[in-house]
Structures are given as structure tokens and as C-alpha cells.
Amino acid sequence: MALQTLKDALDATQLPFAHFAWAKGAKELLGDHGVYAEDGANDLYGDDIHAEKAVEGTVDYYTRDGSGTPQTTIETALNNGKIAWYLNSIQFEEETGYVHYEWVFQV
Amino acid sequence: MATIKFDGIADYQKQLEKLGRAAPGICKYAVYDAAGMVADAIKENCPESDDKRTQGDLRRSIGLTGFKNDNGFIYTKVVFSGYDRKGTPLDLIARVLESGKSYKRKHAFIRPAVNKVKRAAEFAIEKALNEKINQYMK
């Protein structure tokens, strides 16, 4: 299972991650938190079949830690899991004070 | 001694010069078609859930900017222009939908649409360029 590879890599960070969404109220208790979700594919076609399958999606992490440590931790974990990724955006949420990191992955 | 004679080099040079002068226009023609395909794909993927707030304004606001020529790199951008009925910029709404927020689940619709249509758009550019170049080199 391709997504299991991603889940294992994110579990290794020991940061709180949920698949698609957190249960109601959980995020508020946790503070810094992350979400990962798949939203497409990038398969390799050959001989009229999907010769290699790849899942694409995003990993989002919301943190008030301005040190950049969570970013490094997550990126190292993705590298260790041999997951293809790029940092898509870093945004600041004025309403909540969170820094929102967004990575696009393919696995 | 063998001699190779090549007639018509002057005509060929003229054709190449003509093609060189027309190149920016040809590139714009090719890019415009492909950018239209990308914009249509994004429009198609635009989430219905946005309709409650913007009543379809987001979908209707998708368009292309004018062409830019950055040192021979000719490009256009797909943009969301205008504001919703509460005065919020539509590109901001698109950004929130695409990336989500800590309290709002994301609904990525731009990147998947671009991924879906990327190869077809590249092929369309190639086809349009070949077609136009052949016209000039006849």
C-alpha cells in the first residue's frame, strides 16, 4: 500500500497527523497538528495498462512553532521514507496565528 | 572532383527570416490554445460547494491574463478576477479552497486539474507550433 509508506513516514515524526480530517474538537486540544490527503494519481501507462501506480496528494502542517523544526522533521521523514515531495507553500493564518506548511507528495 | 550545387539558399534564408519575425506571434497562438485548455479544466473542477457563498462567481471569474514576454519566455496566467458578493477577492477564496485552513478542509481543484490536462496541453502546443511553422516554411 503506497499510502501506508506515507503514514509510516509521518508516524516516525511523532507529530500528530490525521488522514483527511480531524475529529471535531481534536485540533483545538492538540494545538499544532497536521493532515495528509490524497487527491490524484500520476500513473505510468504502458502496454495499455497502468504499469506503475503513483498516488499524489498533500501533507499540511499547522504550527505556531516559528523555529522551523517541524518543517525539517517532516521533510527528513519524507526523505527517509523515499517519498517524492516538494514544498508547495508556506502561509500564515492571521486569524489563528498558525504557520501553514503544505507539501505535495507522490508515492 | 564532385560538386554539390544547392539552389534556393536565398529563398530559404528569406523564409527563415520571415519565420523569425513571426515567432512571438506563433508562440502566443500556441500558448493561448493550451492555456485555454488548462483554464477550462480548472473551471470544470471548480467545487460546487463554493456556490453557496459565491453563487458560481468563482467559476465565472476564471480567465487568462494578457501575454507576457520574459526574455523570449512567452506565457500567460490563469487567474480569478473580481470579488464575491460580500466583497472578498475571488482569488483569495480560490486560495483558501486550494490550500485549506486550520479550521477549513481543503478542496484542491487547481493542481489536480492542471495535472490532468498538462500532457494534452503540451501536445496542443506542439501541434499548433508544427502547424504554424509548416505554413511559413511551405
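Residues numbered from 1 in each chain as written. Chains lettered and ligands numbered in written order. Predicted model: local features only at pLDDT ≥ 70, side-chain atom pairs only at ≥ 80, totals over all residues.

**Focus on the packing of helix α1 (residues 9–45) of chain B against helix α5 (residues 110–136) of chain B**
Two quantities define a packed helix pair, namely the angle between the axes and the distance from one axis to the other.
All names here are of chain B.
Item 1. Look at α1 against α5: their axes get within 8 Å of each other, and the N-to-C directions meet at 155°. In terms of orientation, α1 lies roughly antiparallel with respect to α5. Where α1 crosses over α5, the handedness of that crossing is right-handed. (Axes fitted to C-alpha atoms, helices over the stretch in contact; angles between N-to-C directions. Helix = DSSP H or I, 4+ residues; strand = E, 2+ residues; numbered from the N terminus. Parallel < 35°, antiparallel > 145°, perpendicular 65-115°, else oblique. Left-handed = near helix turned anticlockwise from the far one by under 90°.)

**With respect to the pairing of strand β4 (residues 49–52) of chain A**
Residues and elements named next belong to chain A.
Item 1. Where strand β3 (residues 44–46) lies against β4, 3 bridges are found, and the strand directions are antiparallel. Along β4, the bridge assignment pairs Tyr-45 with His-50.
Item 2. Following β3, the chain reverses through 2 residues before pairing antiparallel with β4; Asp-47 in that reversal takes a positive phi of roughly 55°. (Pairing = 2+ DSSP bridges.)

**Describing the sheet that holds strand β7 (residues 99–106) of chain A**
Residue and element names in this part refer to chain A.
Item 1. Spatially, the 5 strands line up as an open sheet ordered β1-β2-β5-β7-β6, and their pairing is mixed. Single-partner strands in this sheet number two, and they are β1 (17–19) and β6 (84–92). Across the sheet, the mean angle separating the axes of adjacent strands is 20° when strand polarity is ignored.
Item 2. Pairing between β1 and strand β2 (residues 33–41): 3 bridges, direction parallel.

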